[in-house]
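# Understanding the architecture of this molecule
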Amino acid sequence: MTITPTLVATYPIPDRDADTRTLLDPSGPVPRLHVRGAESLRIYELREQAELTARFPAPTPDRWTREWVAPDQSLAVFGTATEYVAVAQDGRTVWKQPYGTWEVGRWGYVDFADPAHLAMTGAGQEPRTWLRLPSGLPDSTLILTLDAEGAELARSMLPCGGYGQFVGLLRDGNGEIRGVSVSDGRAPATHYEARCENGGIVLGRRLPQNGDGRPPSGRDHLGTDSRRTRCMTLDPRGRDVSWHDLPSYQVTASLTLSDFPAPGTGDCSVHNDPYISSPSGFVDDDTALVALYNPYDEAAVYLFGEERWRQHSHWLADPATGTLHGRVEYPMPEVDNVTPLGDGTWITQEWDAYHRWRR
């Protein structure tokens, strides 16, 4: 049942040391690698090789928690301990927006209008940046609208989201705001109609959840295929994954732990008590990647010296039937970080490099 994948590309992490942090951003048409050093944030586009496309000097010698990069890479917004800081590639501070001790690493949100896309579509809209700020209320979200220089255009208090909720804006093909998305990070998001009016965001009605269907309760949402006709969910305890037709959410296929070889045997020889983990997702519309892990046994590692560093394995499956294609057998050691890209490839990470694979 083993599958030997084809190595598409290797992306060495430049200047890799104990202080270098990396973040893979698969959201755009080309995946980007954020390399966070002590003095700067560097952005690489992962094509046939890693291409350095932007460098932003860090706004503070202290570690920043999170960052967001504008689509045209004209600036990066850093989430520091107390404020958002927008920095240009030449190191100039464009603007700052304090938020106190709010937990920006979890609930912070920044979005940008794409000037190049707006010019291409003739929208004529000046660049804007949207920030999420603490509202002070458990069931509301504050969105601040800024112009290109950071001047405040509007403050919008939205009666949704609040503490413990992820909130983001939805836009149409012209870059105009058309909705607001709210999620707790597990179930599919709830969507509201919205529009931008004089710089502010006006919230409309709550939209039906993907037509007449209802999302499965108590399951983690792992994403949808490119056609938005099928989604993948995970039992929070890691016992199974399921695929659902959209918009009905009818279960069309499932894969349970019992469908894998018995722990300790065959292709599951590295596992003693495996569970299915959330790095699973769509490699493409016809292939899903499913990741198995062993529970991490800290006592066994640190007290007894056993090598139990979260043993794992990656498997490919058919989302239409739930049938296992087999376990991925890499030609070199790889670590547990894996990201399916939806274009037929996936990326794994080692200490000093990322590797891109295809079946």
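The sections below set out a description of the structure shown in this document. Quick caveat, the model's predicted, so the values are computed rather than measured.

### Here we look at the overall build of the chain
The helix and strand tally for the chain stands at three helices and 29 strands. Within the chain, the proportion of its 359 residues that are buried is 48%. In the chain, the share of contacts with a sequence separation of at least 24, taken over all contacts with a separation of at least 6, comes to 42%. Here the chain has roughly 17400 Å² of accessible surface; of this, 47% comes from carbon and sulfur atoms.

### Remarks on the sheet that holds strand S11 (residues 110-112)
Reading across from one edge, S11-S12-S13-S14 is the order of the four strands in this open sheet, with antiparallel pairing throughout. The two strands at the open ends of the sheet, each matched to only one other strand, are S11 and strand S14 (152-158). Within this sheet the neighbouring strands show an average axis-to-axis angle of 20°, counted without direction.

### Points about the environment of Gly-264
Following the sequence through the fold, Gly-264 ends up in the loop between strand S22 (251-256) and strand S23 (275-284). Taking C-alpha positions, Gly-264 is 9.9 Å from Pro-274, a pair spaced 10 residues apart along the chain. Beyond its immediate chain neighbours, meaning those up to four positions away, Gly-264 contacts Ser-269 and His-271.

### Details of empty space enclosed by the protein
For the structure shown, the criterion picks out one cavity of 30 Å³ or more. Lining of the largest cavity is provided by Trp-102, Trp-107, Arg-132, Leu-133, Pro-134, Ser-135, Leu-137, Ser-140, Thr-141, Gly-162, Tyr-163 and Gly-164. Taken together, the residues of the lining of the largest cavity break down into six nonpolar, five polar and one charged.

### Some thoughts on the side chain of Arg-356
Within the fold, Arg-356 resides in strand S29 (residues 353-358). Only 3.4 Å separates the side chain of Arg-356 from the side chain of Tyr-11, close enough to count as a polar contact.

### Overview of the pattern of salt bridges
The tally for this structure, following the rule as stated, stands at 15 salt bridges. Across the salt bridge formed by Arg-356 and Asp-343, the nearest N and O atoms sit 2.9 Å from each other. With Arg-356 in strand S29 and Asp-343 in the loop between strand S27 (338-340) and strand S28 (345-349), this pair connects stretches of sequence that are 13 residues apart. Given the relative accessible area of 9%, Arg-356 is considered buried. A residue is classified by how much of its surface remains accessible, and Asp-343, at 42% relative accessible area, is partly exposed. Through salt bridges with shared partners, one network takes in Arg-32, Glu-45, Arg-47 and Glu-51.

### Here's the deal with the sheet that holds strand S6 (residues 50-57)
Here four strands make up an open sheet; going across it, the order is S3-S4-S5-S6 and the pairing antiparallel. Edge strands, defined here as strands with exactly one partner in the open sheet, are strand S3 (21-25) and S6. In this sheet, adjacent strand axes meet at a mean angle of 20° when their direction is disregarded. Bridging between strand S5 (residues 40-46) and S6 involves seven bridges; their strand directions are antiparallel. Counted as the bridge partner of Glu-45 is Glu-51 from S6.

Cut-off values and rules
- Residues numbered from 1 in each chain as written.
- Predicted model: local features only at pLDDT ≥ 70, side-chain atom pairs only at ≥ 80, totals over all residues.
- Heavy atoms only, no water.
- Helix = DSSP H or I, 4+ residues; strand = E, 2+ residues; numbered from the N terminus.
- Buried < 20%, exposed > 50% of the residue type's maximum accessible area, 1.4 Å probe, protein only.
- Contact = heavy atoms within 4.5 Å.
- Areas by Shrake-Rupley, 256 points an atom, 1.4 Å probe, with all protein chains shown as cover.
- Pairing = 2+ DSSP bridges.
- Axes fitted to C-alpha atoms, helices over the stretch in contact; angles between N-to-C directions.
- 1 Å grid on protein atoms, 1.4 Å probe; cavity = no way out; pocket = protein on both sides within 12 Å on 5 of 7 lines; lining within 4 Å.
- Points joined across faces, edges and corners; volume = space filled by probe spheres on them.
- Nonpolar A, V, L, I, M, F, W, Y, C, P; charged D, E, K, R; others polar.
- Polar contact = N/O pair within 3.5 Å; in protein donor to acceptor, adjacent residues only side chain to side chain.
- Salt bridge = Lys/Arg side-chain N within 4 Å of Asp/Glu carboxyl O.

Functional significance is not addressed by these values, which are geometric in nature.
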